[in-house]
Amino acid sequence: MLLLIAIKTIRIWWILASLEIKNGLVITMDPARRILKGASIIVEDDRILNVIASSENSTEAPAADKVMDAAGMIVIPGLVDCHVHTVQTLFRGICDNLELLPWLQKYIYPMESAMDSEDVYTSSLAGYAEMIKSGTTTCADMQSVRHTDSAFEAAGKIGIRSLIAKSMMDQDIIPESLQEDTSTSIAESMKLYRKWHQAEDGRLRCMLGPRFLQGCSEKLLGEVAQISNQTGMSVHIHAAENSTEVKNDIEKYGKRTVEKLHDLGLVGAKSLLVHCVHLSDREIGLIAEENANVVHCPSSNLKLASGICPVPRLMQSQVNVTVGVDGAACNDNLDMFKDMKLASLVSKISGQPQVQVSSVSAMNILEMATVNGARALGMQDEIGSIEKGKKADLTILNMRNAETTPMLDVLNQIIYSTDGHAVKTVIIDGKIVMENRHLTTVDEDALVQKAQSRAEKIVEKAGVGKKS
Ligand code: GUN
Ligand code: FE
């Protein structure tokens with residue numbers, strides 16, 4: 001103990017940093033959106049102590065415990081994925097050619113119901129491993145109804161920054177195995193909040209997860225809004241994803257989905273409204289007025305034939321738009337680079353109302369996946385950019401490959417030419433969680449084996465395997 005205090009004191013006295021990443025091309029995403037050639041990033045414990053541009057005096061850099069030479073590499077802020085279901089990672093590849101509601105009924109509900117706590121742990125760990133390997137350092141993770149403690153344990157172990165919500169559903173259309181009473185659903189969410197919110201020095205946080213309007217009573221949603229106001233917890237909810245879903249909501253309430261959520265107090269600065277494919281002009285206005293956040297999940301929207309989120313129109317209305325990969329059962333990847341590329345490409349499809357080809361640029365997309373994501377999670381002062389005082393969440397890319405050569409425009413090439421395989425090293429909260437593509441906190445081979453055998457058992461137990 002005394003030795004630790006002595007080391008800490010000496011470190012502060014000599015300003016000895018924990019890590020220096022030098023010579024990289026740093027895409028800061030700071031307010032001026034500076035791109036610094038040959039800069040040094042100095043990390044002390046979990047924070048960025050300084051960002052020193054090469055033109056400044058390099059003697060400013062204090063000696064560091066570890067120096068990483070990023071010559072020829074690109075350093076970007078760790079990516080912020082605003083919607084994932086790591087509980088569904090073990091469902092990857094299970095189905096094709098289904099729309100949302102039959103997909104949920106035939107596969108997702110039976111498979112989530114079949115999982116025990118070790119399955120949830122394994123699925124979440126496998127999802128987080130894939131996300132780290134593809135440069136994501138923070139995610140908003142909607143889990144299933146039960147065993148959510150296991151997801152927090154997995155995030156704690158691997159070192160990712162995760163804001164986790166248990167699914168809340170109390171309606172009869174949901175299978176009994178995933179349905180809860182309103183009071184149980186609230187009590188279980190609050191239990192998780194007391195146990196995990198701000199655990200691991202703030203790296204883990206708890207969100208409220210009413211899964212979608214159809215699955216939740218008005219009473220449940222009203223209470224969620226109240227708790228969010230009292231505790232400051234964010235609300236993570238699917239909204240207006242599929243046209244049949246919106247039609248059902250109109251039949252039940254006489255209102256469109258987002259209008260109804262607005263009446264219930266769930267369209268606000270603390271809300272993550274996931275998908276928002278089917279919006280009226282009035283709903284876009286409500287989202288903008290209330291400063292609510294939209295999560296664009298292009299791969300999922302295409303695979304489940306849901307449609308396309310009207311990103312250019314939302315951007316014109318100054319809505320904070322972010323990116324999410326959704327789950328491995330409807331994507332079937334958790335690689336933000338792939339969804340960033342699609343997010344840009346689908347926004348350029350001609351024939352959409354008010355779309356101009358130039359309206360969503362590579363910079364806009366990188367903003368969605370970094371600073372906009374940070375703001376949506378209420379973490380704009382902590383993550384999303386490479387700036388002095390922010391958390392040291394960094395993704396280092398090696399783009400010296402045939403597939404990304406020549407390097408003529410770094411932003412265009414990050415969005416359009418590369419994918420998660422370019423990620424070389426990832427730092428979260430100042431800790432190296434992947435170095436030279438080797439995960440440092442988990443045994444990837446053992447995880448792959450366990451994920452395969454657990455997935456096969458879930459398929460069997462849920463009775464959803466191929467009938468051939
Ligand atoms: N709506 C309700 N649950 C889900 C889910 O698990 N995934 C998607 N994409 N939409 C949903
Ligand atoms: Fe989803």
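These remarks concern the structure in this document. Predicted model, so just to flag it, every value in this text is computed and none were measured. (Residues numbered from 1 in each chain as written. Chains lettered and ligands numbered in written order. Predicted model: local features only at pLDDT ≥ 70, side-chain atom pairs only at ≥ 80, totals over all residues. Heavy atoms only, no water.)

Once that is clear, we can look at the coordination of the iron ion (ligand 2). Protein coordination of the iron ion (ligand 2) is provided by H83 (NE2), H85 (NE2), H238 (NE2) and D326 (OD), with donor distances spanning 2.1 to 2.3 Å. Between the four donor atoms coordinating the iron ion (ligand 2), the angles at the centre fall across 88 to 176°, so the site counts as irregular. All donors to the iron ion (ligand 2) come from one chain, and their sequence spacing reads H-x1-H-x152-H-x87-D. Here H238, found in strand 10 (residues 235-239), pairs with D326, found in strand 14 (residues 326-327); they are 88 residues apart in sequence, far enough to count as distant. Across the pair, D326 and H238 agree in class, each one buried. (Donors = N, O, S within 2.8 Å, 3.2 Å for Na, K, Ca; no water. Tetrahedral: all angles 85-135°; square planar, octahedral: opposite > 155°, others 65-115°. Helix = DSSP H or I, 4+ residues; strand = E, 2+ residues; numbered from the N terminus. Buried < 20%, exposed > 50% of the residue type's maximum accessible area, 1.4 Å probe, protein only.)

Attention now moves to helix 7 (residues 243-253). Each turn of an α-helix holds 3.6 residues, which means side chains three or four residues apart point in the same direction. If you check which residues of helix 7 are buried, you get E245, V246, D249 and Y253. Seen end-on, helix 7 carries its buried residues on one side only, within an arc spanning 95°. Those residues of helix 7 that are buried are in contact with helix 2 (100-113), helix 6 (218-231) and helix 8 (257-263). Among the residues trailing helix 7, G254 stands out with phi positive, at a value near 70°. (Arc of directions from axis to C-beta. Contact = heavy atoms within 4.5 Å.)

All residues adjacent to ligand 1 are H85, Q88, L100, W103, L104, R211, F212, H238, E241, H275 and D326. Between ligand 1 and H238, the relevant distance is 3.4 Å, taken from a nitrogen atom to a side-chain nitrogen or oxygen of the residue. One of the side-chain nitrogen or oxygen atoms of E241 is found 2.7 Å away from a nitrogen atom of ligand 1. Out of a free accessible area of 280 Å², ligand 1 has 100% covered by protein chains. Here the shell around ligand 1 is composed, by residue class, of four nonpolar, four polar and three charged. (Near = heavy atom within 4 Å. Polar contact = N/O pair within 3.5 Å; in protein donor to acceptor, adjacent residues only side chain to side chain. Areas by Shrake-Rupley, 256 points an atom, 1.4 Å probe, with all protein chains shown as cover. Nonpolar A, V, L, I, M, F, W, Y, C, P; charged D, E, K, R; others polar.)

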